[in-house]
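Examining the three-dimensional arrangement
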Amino acid sequence: MAGARRAWTVKFCLLLIVSLLKVSDGEVYSNVAVGKPAKQTNTKWGAGAGRAVDGNRSPSYPSGSCTHTSKKPDRWWVVDLMGLYKIQSVAIVNRNLNDFRLADFSVYISKMNPLPIPKTDGSLIGEICFNHTGAVPASGPHTFYCNEITTGRFVYLHRPTKEYLTICEFEVMGIQIKNEKDQYTLEAGRKSVYSPFHSEVMHMGTKTSCATMCISREENLSTIIQFQESTGLCECILKSSFTMQPTDFVNDSGWTLMMSTNN
């Protein structure tokens with residue numbers, strides 16, 4: 001009896017591992033969203049965006065692991081994977097009650113910070129992963145495959161109708177792309193607080209124009225300025241948004257640290 005029980009336990013553990021890892025063309029896709037920075041349109045009843053990537057698959061809203069926004073048009077939720085990933089699919093856990101609060105939406109993947117969502121001209125940036133009509137079935141996780149494997153850093157869900165938006169867990173199945181210049185790499189064993197949610201990204205021609213623009217926009221704030229030669233991207237990071245030191249920001253070889261001002 002004890003041997004049979006141990007065999008069943010081993011089988012269950014193997015099935016659990018397989019459910020967390022997806023294999024495609026010899027590559028293993030795993031959830032790369034857990035614990036990453038997340039943001040949503042707004043927050044109601046203390047149900048913040050980070051709840052959707054806390055690793056808790058509970059479908060019960062009272063458990064305190066589901067997000068919630070207000071009831072207005074253009075509800076959205078976005079996660080910053082803090083690196084470039086090949087993304088195959090997403091797995092979503094919906095509420096076991098009021099499942100209509102996660103319905104009629106699209107999921108996009110973008111290399112660039114997509115905020116604001118939508119843009120002032122009504123457009124959405126990035127590649128479409130999939131569209132979903134109707135409500136996601138209660139509980140889960142339910143897997144949705146992208147139309148094709150897509151490379152990106154930000155994954156966001158957009159619900160255009162005037163409704164609430166609730167997500168209990170949002171898993172992104174991806175593989176990190178190595179040695180990309182426009183990638184931010186986390187150092188092993190070190191947690192970074194860096195995220196472009198706290199910065200402004202622009203296309204500028206030179207390092208000088210990048211520095212000038214950042215200083216003029218944030219002249220009364222401590223600002224870290226970075227410029228990427230290969231793409232012309234200029235990033236103004238509000239250092240005053242954090243209690244950490246500048247060394248806690250993660251930089252990769254594609255970016256040049258222009259200057260740090262302390263006004």
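In short, a report on the structure. Note that the structure is a prediction, hence the values are computed from the model and not measured. (Residues numbered from 1 in each chain as written. Predicted model: local features only at pLDDT ≥ 70, side-chain atom pairs only at ≥ 80, totals over all residues. Heavy atoms only, no water.)

So, the overall build of the chain
Threshold: Strands are runs of DSSP state E lasting at least 2 residues, helices are runs of H or I lasting at least 4, and numbering of each runs from the N terminus. By definition in these notes, contact holds between two residues if any of their heavy atoms fall within 4.5 Å. Areas reported as accessible are Shrake-Rupley estimates using a 1.4 Å probe. Residue values count occlusion only from the protein chains shown.
Counting its secondary structure elements, the chain contains two helices and 12 strands. Within the chain, residue pairs in contact and separated by at least 24 positions form 75% of the contacts whose partners lie at least 6 positions apart. Summed over its atoms, the accessible surface of the chain is roughly 13,100 Å², and 55% of this surface lies on carbon and sulfur atoms.

Here's the deal with the packing of aromatic side chains
The geometry of an aromatic ring pair is captured by the separation of the ring centres together with the interplanar angle, meaning the angle of the planes. Formally: Note on aromatic contacts: the rings of Phe and Tyr and the six-membered ring of Trp form a pair at centre separations within 6.5 Å, being stacked when their planes are under 30 degrees apart, edge-to-face when over 60 apart, and tilted otherwise. The rule is simple: take the accessible area with a 1.4 Å probe, protein chains only, and divide by the maximum for that residue type; under 20% is buried, over 50% is exposed, in between is partly exposed. Only Lys NZ and Arg CZ are tested; either one counts as a charge over a ring when it is within 6 Å of the ring centre and within 35 degrees of the ring normal.
Evaluated as defined, the whole model comprises five aromatic pairs. With centroids separated by 5.1 Å and ring planes inclined at 10°, the aromatic side chains of Tyr108 and Tyr156 adopt a geometry described as stacked. A residue pair is termed long-range when its members are at least 10 positions apart, and Tyr108 in strand β5 (residues 103–110) and Tyr156 in strand β7 (residues 139–159) qualify at 48 residues. Residue class for Tyr108 comes out buried when judged on its relative accessible area of 14%. Given the relative accessible area of 0%, Tyr156 is considered buried. Ring centres of Phe130 and Phe144 lie 5.0 Å apart, and the angle between their planes is 5°; this geometry places the pair in the stacked category. Of this pair, Phe130 sits in strand β6 (residues 127–135) while Phe144 sits in strand β7, and the two are 14 residues apart along the sequence. Assigned by exposure class, Phe130 and Phe144 land together as buried. Its guanidinium or amino end placed over the ring of Trp45, Lys44 lies 5.4 Å from that ring's centre, counting from NZ or CZ.

Digging into the environment of Tyr145
Position of Tyr145 relative to the elements: it lies in strand β7. Expressed as a C-alpha distance, the spacing of Tyr145 and Val90, which sit 55 residues apart in the sequence, is 6.5 Å. If we skip the residues at most four places from it in the chain, Tyr145 touches Gln88, Ser89, Cys129 and Phe130.

Side note on the pattern of salt bridges
Operational definition: Note on definitions: salt bridges are taken to be side-chain nitrogens of Lys or Arg within 4 Å of carboxyl oxygens of Asp or Glu.
Going through the model one piece at a time under the given rule, you end up with two salt bridges. The shortest N-O distance in the salt bridge between Arg57 and Glu171 comes to 2.8 Å. Of the two residues, Arg57 is situated in the loop between β3 (38–40) and β4 (75–94) and Glu171 in strand β8 (residues 169–176); the sequence distance between them amounts to 114 residues. Linking Asp80 and Arg153 is a salt bridge whose minimum nitrogen-to-oxygen distance equals 2.9 Å. You can see Asp80 sitting in strand β4 and its partner Arg153 sitting in strand β7, a full 73 residues away along the chain. By relative accessible area, which is 0% here, Asp80 ends up buried.

Details of the pairing of β7
Note the cut-off: By the convention used here, strands pair only if DSSP detects at least 2 bridges between them.
When β4 meets β7, the two strands line up antiparallel, connected through 14 bridges. From the neighbouring strand, Trp77 faces β7, where its bridge partner is Leu157. Pairing of β5 with β7, which is carried by five bridges, proceeds in the antiparallel orientation. The partner of Val107 across the bridge, within β7, is Leu157.

Brief notes about a positive patch on the surface
Applicable threshold: The residues that make up patches have over 30% relative accessible area and no salt bridge, and they are joined within 9 Å when like-charged or within 5 Å when they are Val, Leu, Ile, Met, Phe, Trp or Tyr. Note on charges: Lys and Arg go in the positive column, Asp and Glu in the negative column, and His and the chain ends are not counted at all. In plain terms, the charge of a residue is placed at NZ if it is Lys, CZ if Arg, CG if Asp and CD if Glu.
Among the surface-exposed residues, Lys44, Lys71, Lys72 and Lys162 lie close enough to one another that they form a single positively charged patch. Secondary-structure assignment places Lys72 in the loop between β3 and β4. In this structure Lys72 comes out as partly exposed when scored by relative accessible area, which is 48%.

Comments concerning unusual backbone geometry
A cis amide bond, omega -10°, links Ile117 with the succeeding residue Pro118. Counting through the fold element by element, Pro118 comes out in the loop between β5 and β6. Residue Pro141 is reached from Gly140 by a cis peptide bond, and omega for that bond is 15°. Within the secondary structure, Pro141 is located in strand β7. Even without a glycine there, the phi angle at Trp45 is positive, about 55°. In this fold, Trp45 is placed in the loop between β3 and β4. Trp45 gets classed as exposed once you look at its relative accessible area, which sits at 57%. Within the chain, Asp104 stands out as a residue other than glycine whose phi angle is a positive 50°. When you line up the elements, Asp104 lands in strand β5.

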